[in-house]
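Listed here are the chains, written in short residue letters.
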Amino acid sequence: SLKDILPRGPRAMAGEALYWAPENASLREEVARVSPALALEFEALHAVPLADGAGKDLIKARSERYESDDVIVPAGVSVEVPQLALWFVFVAGMVAICAMILPGISGSYILLIFGAYFFILNALKGFLRTLASGELPINQGLFVIVFCLGCGIGLLSFARLLSYLLHNYAAPTLGVLVGLMIGCLRGIWPFRQAVGGVEFNVVPVVFDGTVFVAIGAAVAGMVIVTALSRIGGRVSEDVLENNQTTNVIGS
């Protein structure tokens, strides 16, 4: 099936985009010949375009039908799986990990903008599946290693840069971080309504369980952050006090 073939090579697109890629015209022709009903179903699904701003969840949901077990690839038909360059995977890992340590920015969304989200996701899935089958995941493992190297180098370098900015330009840096957190509120707003394939933020009319869960999560987050801040302040005071005591004894 197409589901079995795809994990053998990571690709930078969802199953739907891979099926309709120009390189796989022979695949579509054979599917139309062997399973006309399935081909018509895919044509009807593909005829409804994704609206601008569609998130990765909607893209993945549309591709699930293409990656089901009953989508059989006829024997002798090749499936071209476009892959990203190694240097691009490395750069995507560096940028995505930087977004992970900043508030208000999602690393997965950065990968989606780069067009590497599905590639990295499928590389990891293929790596684990191949490893579980007892084979050596050389193809997927190469991309996973390069991506992890990019994440490691990006994390170490950006952490140093962020520490330097906080020590030397505390106010502007904190202002930017606060701006990112305020800007992300639009993306994490829990009450949404889908219109034409795009989700919009709405104000809840009825206070149901979802509203109370959202309020409870917000309160819990505030309590955890406040507790961690106080614990961190106490630890810093204890460390400073111990250093002063050590200096006095040493004198």
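Residues numbered from 1 in each chain as written. Predicted model: local features only at pLDDT ≥ 70, side-chain atom pairs only at ≥ 80, totals over all residues. Heavy atoms only, no water.

Colleague: Would you mind going over helix α6 (residues 86-100) with me for this structure?
Modeller: Since the α-helix advances by 3.6 residues per turn, residues separated by three or four positions end up pointing in the same direction. Between its first and last C-alpha, α6 extends 21 Å over 15 residues, near the 21 Å set by a 1.5 Å rise per residue. Within α6, the full set of buried residues consists of V89, A92, G93, A96, I97, C98 and A99. For α6, the secondary structure elements touched by its buried residues are α7 (107-114), α8 (117-132) and α9 (138-168). (Helix = DSSP H or I, 4+ residues; strand = E, 2+ residues; numbered from the N terminus. Expected span 1.5 Å × (residues − 1). Buried < 20%, exposed > 50% of the residue type's maximum accessible area, 1.4 Å probe, protein only. Contact = heavy atoms within 4.5 Å.)

Colleague: When you look at the nonpolar core in this model, what are you seeing that I'm missing?
Modeller: Proteins that are soluble and globular tend to have nonpolar side chains buried together. Within the largest apolar cluster, 19 residues are counted, with the highest numbers of intra-cluster contacts made by V89, L102, L111, A116, F119, I120 and F147. Only α6, α8 and α9 provide two or more residues apiece to this core. Element by element, the count of residues in this core is highest for α9, at 6 residues. Aside from chain neighbours lying at most four places away, what touches L111 is A92, A96, A116, Y117 and F147. (Core = buried A, V, L, I, M, F, W, Y, C linked by side-chain atoms within 4.5 Å.)

Colleague: Before we go on, may I ask you to explain the packing of α6 against α9 in this structure?
Modeller: Packed helices, taken two at a time, are described by the angle between their axes plus the distance between the axes. It is at 7 Å that the axes of α6 and α9 come closest, and there the two elements cross at 40°. Accordingly, the angle class assigned to the pair α6 and α9 is oblique. Along this stretch, α6 crosses α9, giving a crossing that reads as right-handed. Counting all contacts with α6, which are made through L86, V89, F90, A92, G93, M94, I97 and C98, the residues of α9 involved are L142, F143, V146, F147, L149, G150, C151, I153, G154, L155 and F158. In terms of residue class, the contact of α6 with α9 is built from 16 nonpolar, 3 polar and no charged. (Axes fitted to C-alpha atoms, helices over the stretch in contact; angles between N-to-C directions. Parallel < 35°, antiparallel > 145°, perpendicular 65-115°, else oblique. Left-handed = near helix turned anticlockwise from the far one by under 90°. Nonpolar A, V, L, I, M, F, W, Y, C, P; charged D, E, K, R; others polar.)

Colleague: Can you help me understand the state of the cysteines in this one?
Modeller: What we call a disulfide is simply a covalent bond connecting the sulfur atoms of a pair of cysteines. Applying the stated rule across the entire model yields 0 disulfides. For the unlinked cysteine C98, the closest cysteine sulfur is that of C151, found at 9.1 Å. Between C148, a cysteine without a disulfide, and C151, which holds the nearest cysteine sulfur, the sulfur-to-sulfur distance is 6.1 Å. (Disulfide = S-S within 2.5 Å.)

Colleague: What's the story with the packing of α8 against α9 in this structure? I'm lost.
Modeller: Close contact between α8 and α9 brings their axes to 9 Å; oriented N to C, the two are set at 125°. Regarding the angle of α8 to α9, the classification is oblique. The hand of the α8/α9 crossing is left-handed. Of the residues in α9, those in contact with F119, I120, A123, L124, G126, F127 and T130 of α8 are Q140, G141, F143, V144 and F147. Residue composition of the contact of α8 with α9, by class: 8 nonpolar, 4 polar and no charged.

Colleague: I tried to follow the packing of aromatic side chains on my own but got confused; where do I start?
Modeller: Centre distance and the angle of the planes are the two values used to describe a pair of aromatic rings. Applying the stated rule across the entire model yields 4 aromatic pairs. Ring geometry for W87 against F88: centres 5.8 Å apart, planes inclined by 90°, an arrangement best described as edge-to-face. Between F119 and F143, the ring centres sit 4.9 Å apart and the planes meet at 85°, which makes this aromatic pair edge-to-face. With a gap of 24 residues between them, F119 in helix α8 and F143 in helix α9 connect regions that are remote in the sequence. F119 gets classed as buried once you look at its relative accessible area, which sits at 0%. Taking the relative accessible area as the measure of exposure, F143 reaches 5% and is therefore buried. Taken together, the aromatic side chains of W87, F88 and F114 make up a single cluster linked through ring pairs. (Phe/Tyr/Trp six-rings, centres within 6.5 Å; stacked < 30°, edge-to-face > 60°.)

Colleague: What should I look at first to understand the side chain of R28 in this one?
Modeller: By the element assignment, R28 lies in helix α3 (residues 25-34). Although R28 is buried, it forms no salt bridge, and the closest oppositely charged side chain is E23 at an N-O distance of 7.2 Å. (Lys, Arg positive; Asp, Glu negative; His and termini not counted. Salt bridge = Lys/Arg side-chain N within 4 Å of Asp/Glu carboxyl O.)

Colleague: What am I meant to see in a nonpolar patch on the surface here?
Modeller: A surface patch of nonpolar side chains, amounting to about 600 Å² of accessible area, comprises W87, V91, V95, Y109, I113 and F114. At the level of secondary structure, the elements contributing two or more residues to the nonpolar patch comprise α6 and α7. Within the fold, Y109 resides in helix α7. (Patch = residues over 30% accessible without salt bridge, like charges linked within 9 Å, V, L, I, M, F, W, Y side chains within 5 Å. Areas by Shrake-Rupley, 256 points an atom, 1.4 Å probe, with all protein chains shown as cover.)

Colleague: Which parts of the structure should I look at to understand the environment of I120?
Modeller: Structurally, the position occupied by I120 is in helix α8. Overall, I120 belongs to the buried group, its relative accessible area being 6%. Setting aside anything within four residues of it in sequence, one finds I120 in contact with V89 and F147.

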